Amino acid sequence: MNTEALLRDVRARLSEGGLRACLLVRDLHTGEELGIDPDTDLPSASLVKVPLALATLERIRRRELDGATLLDVAPGRVTTPGPTGLSRFRHPARIAIDDLLYLSTCLSDGTAADALFDLTPPARVADLLQEADLRGITVRHHTEELFDTPVERFDADQVHLAHALAIDAGTSGRGHRVPQLDTTRANTGSARSFVDLLQALWTPSKIHPDVAERLRDLLAHNVLRHRLTPDFSSDASRWSSKTGTLLNLRHEIGVVEHADGQTFAIAVLTESSVPAGAQPGVDALMAEAARRLRDHLRQL
């Protein structure tokens, strides 16, 4: 199958599954890439925790912060399904900055992330991204807003109503009645901007090598491995990644390093038109689309 036919088929498969997807796969050695709508901005959800980790690690390197510093963190006390770690704690905890980085990046713990945002506010994170020549990722707010969505307004058996609102309340200009889905107010990014970030972490860039190495290690220990991981992790490959989930948004970015030396950066950002919380078929479809583009690039 030639490239144009492949992209048409992948797009059709995604559409049949109820997904509008923006994805990009890039060979980090050759620069060759394949994508579908890779420059479209979407709310980044928990993907914002990667630039947050980058900014925090850079400030530790500059000795503006000490990773061993202990912080008193209030419990999140979140009871709805989804949030992890400190977000579900019932009592205060004292945790080092280094360990908050682990919880935020590897467990996608929103309360840990907001403790880091208190140290390095969104505007400072954005400035440090600019210093690293990373464009296209907008950081506007803490992650606590991700906990305050229509899902929290409905009983467990009515979650589909929150997803229906997320699907139907958007505007043609990508505004939205749900603030977390409004690209003029939310943290945002495109598949291309996140692949650029991954490339800067895996290849020489303005990011300090020590910072890049530490962040690569955090991404390699991501514990949320239900989405793209089944198609990219094996005995002959290493998959390092970060997921993002918010209402009808399902994202994942990552890098697959093959034993033969080939390395690919991948970003899949999606909006589902199916009003349901649990959609394992969507996760599988995202992985299939990314793998088919990766396979095609491998054969070029």
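Within each chain, residue numbers correspond to sequence positions counted from 1 in written order. Local features in this predicted model are restricted to residues whose pLDDT is 70 or higher, and side-chain atom pairs enter the listing and the counts only when it is 80 or higher, whereas totals over whole chains, interfaces and linings include all residues. Side-chain calculation: all heavy atoms of the structure are included, whereas hydrogens and water are not.

Student: Looking at this model, I keep getting lost on the overall build of the protein. Mind explaining?
Tutor: Scanning the protein from N- to C-terminus turns up 10 helices and nine strands. Put simply, of all contacts in the protein between residues at least 6 apart along the chain, 67% involve residues at least 24 apart. The protein chains shown are the only cover counted for residues, whose accessible areas, like all others here, come from Shrake-Rupley with a 1.4 Å probe. Taken as a whole, the protein presents about 13100 Å² of accessible surface, with 49% of it coming from carbon and sulfur. Only DSSP runs of H or I reaching four residues or more are called helices, and only runs of E reaching two or more are called strands; each is numbered from the N terminus. Whether two residues are in contact is decided by their heavy atoms, any of which lying within 4.5 Å being enough.

Student: What's the story with helix H1 (residues 3-16) in this structure? I'm lost.
Tutor: Residue count minus one, scaled by 1.5 Å, sets the expected span of a helix. For H1, built from 14 residues, the straight-helix expectation of 20 Å at 1.5 Å per residue is met to within 8% by its first-to-last C-alpha distance of 20 Å. Relative accessibility thresholds used throughout: buried, under 20% of the residue-type maximum; exposed, over 50%; partly exposed, between the two (1.4 Å probe, protein chains only). Looking only at H1, the buried set comprises Ala5, Leu6, Leu7, Val10 and Leu14. The inward-facing, buried residues of H1 contact strand S1 (19-27), strand S2 (33-36) and helix H10 (280-299). If you check the start of H1, you find a side-chain oxygen 3.3 Å away from the backbone N of glutamate 4, and it comes from asparagine 2. Remark: glycine 18 follows H1 within two positions and exhibits a positive phi of approximately 85 degrees. Definition of a polar contact: a pair of N or O atoms within 3.5 Å, with one able to donate and the other able to accept a hydrogen when the atoms are protein atoms, and with sequence-neighbouring residues admitted only if both atoms are side-chain atoms.

Student: Could you clarify how one ought to interpret the sheet that holds S2 in this entry?
Tutor: Where strands meet in a sheet, backbone hydrogen bonds hold them as pairs that are either parallel or antiparallel. The five strands lie next to each other as S2-S1-S9-S8-S7, forming an open sheet whose pairing is antiparallel. The open sheet has two edge strands, S2 and strand S7 (237-246), and neither has a second partner. The sheet shows a mean angle of 10 degrees between the axes of neighbouring strands, direction not considered. With nine bridges joining them, strand S8 (residues 249-258) and strand S9 (residues 263-272) adopt antiparallel strand pairing. Two strands are said to pair when DSSP picks up at least two bridges between them. Axis lines are fitted through C-alpha atoms, for helices just across the contact stretch, and the angle between N-to-C directions can take any value from 0 to 180 degrees.

Student: For this particular structure, what's the right way to read the packing of helix H2 (residues 49-61) against helix H3 (residues 97-106)?
Tutor: Close contact between H2 and H3 brings their axes to 10 Å; oriented N to C, the two are set at 165 degrees. Looking at the two axes, H2 sits roughly antiparallel to H3. Here H2 runs over H3; the crossing is left-handed. Contacts between H2 and H3 pair Lys49, Leu52, Ala53, Thr56, Leu57 and Ile60 from the former with Ile97, Asp98, Leu101, Ser104 and Thr105 from the latter. An angle below 35 degrees is treated as roughly parallel, one above 145 as roughly antiparallel, one from 65 to 115 as roughly perpendicular, and anything else as oblique. Crossing handedness: left-handed means the near helix sits turned counterclockwise from the far one by under a right angle, and right-handed means the same turn made clockwise.

Student: What's the story with the environment of leucine 101 in this structure? I'm lost.
Tutor: With respect to the helices, strands and loops of the structure, leucine 101 is situated in helix H3. For leucine 101 and leucine 57, which are 44 residues apart along the polypeptide, the C-alpha to C-alpha distance reads 8.6 Å. Those residues in contact with leucine 101 that sit more than four places away from it in its chain are Ala53, Thr56, Leu57, Ile60, Cys106, Leu116, Arg214 and Leu218.

Student: Can you walk me through the pairing of S1 in this structure?
Tutor: Most of S1 sits out of view: eight of its nine residues are buried. In this sheet, S9 lies alongside S1 in antiparallel orientation, the contact comprising nine bridges. Following the sheet pairing, arginine 20 is matched in S9 by glutamate 271. As defined by bridge partners, S1 adjoins S2 across four bridges and the pair is classed as antiparallel. Directly across from arginine 26, in S2, lies its bridge partner glutamate 33.

Student: Sorry, what's going on with the nonpolar core here?
Tutor: A general tendency of soluble globular proteins is for nonpolar side chains to be buried together. Grouped together as the largest cluster of nonpolar side chains are 55 residues, with contacts concentrated most on Leu54, Leu100, Leu201, Ile207 and Leu215. Per element, the largest residue contribution to this core is eight residues, and it comes from helix H7 (residues 191-202). Here leucine 201 is in contact with Leu54, Ile207, Ala212, Leu215, Arg216 and Leu219, once residues within four sequence places are set aside. Counting residues in each nonpolar core, the second largest holds 25 residues, with Leu14, Leu23, Ile266 and Ala290 among its members. By convention a nonpolar core is built from buried Ala, Val, Leu, Ile, Met, Phe, Trp, Tyr and Cys residues, the set being connected through side-chain atoms within 4.5 Å.

Student: Would you take a moment to explain the packing of H7 against helix H8 (residues 209-220) for this structure?
Tutor: The contact between H7 and H8 brings their axes to 8 Å, and the two run at 120 degrees. Between H7 and H8, the contacting residues are Leu198, Leu201 and Trp202 on the first element and Ala212, Leu215, Arg216 and Leu219 on the second. Note on residue classes: Ala, Val, Leu, Ile, Met, Phe, Trp, Tyr, Cys and Pro are nonpolar, Asp, Glu, Lys and Arg are charged, and everything else, Gly too, is polar. Residue classes in the contact of H7 with H8 are distributed as six nonpolar, no polar and one charged.

Student: Looking at this model, I keep getting lost on the side chain of serine 240. Mind explaining?
Tutor: By the element assignment, serine 240 lies in strand S7. Since its relative accessible area comes to 0%, serine 240 is described here as buried. Apart from residues no more than four positions distant in its own chain, serine 240 is found in contact with Trp202, Arg216, Leu219, Ala220, Ile253, Gly254, Val255 and Glu257.

Student: Sorry if this is basic, but what is going on with the side chain of arginine 292 here?
Tutor: Its place among the elements puts arginine 292 in helix H10. Arginine 292 sits in the buried class, given a relative accessible area of 18%. Dropping the residues within four chain positions of it, arginine 292 is found in contact with Met1, Leu6, Asp9, Val10 and Arg13.

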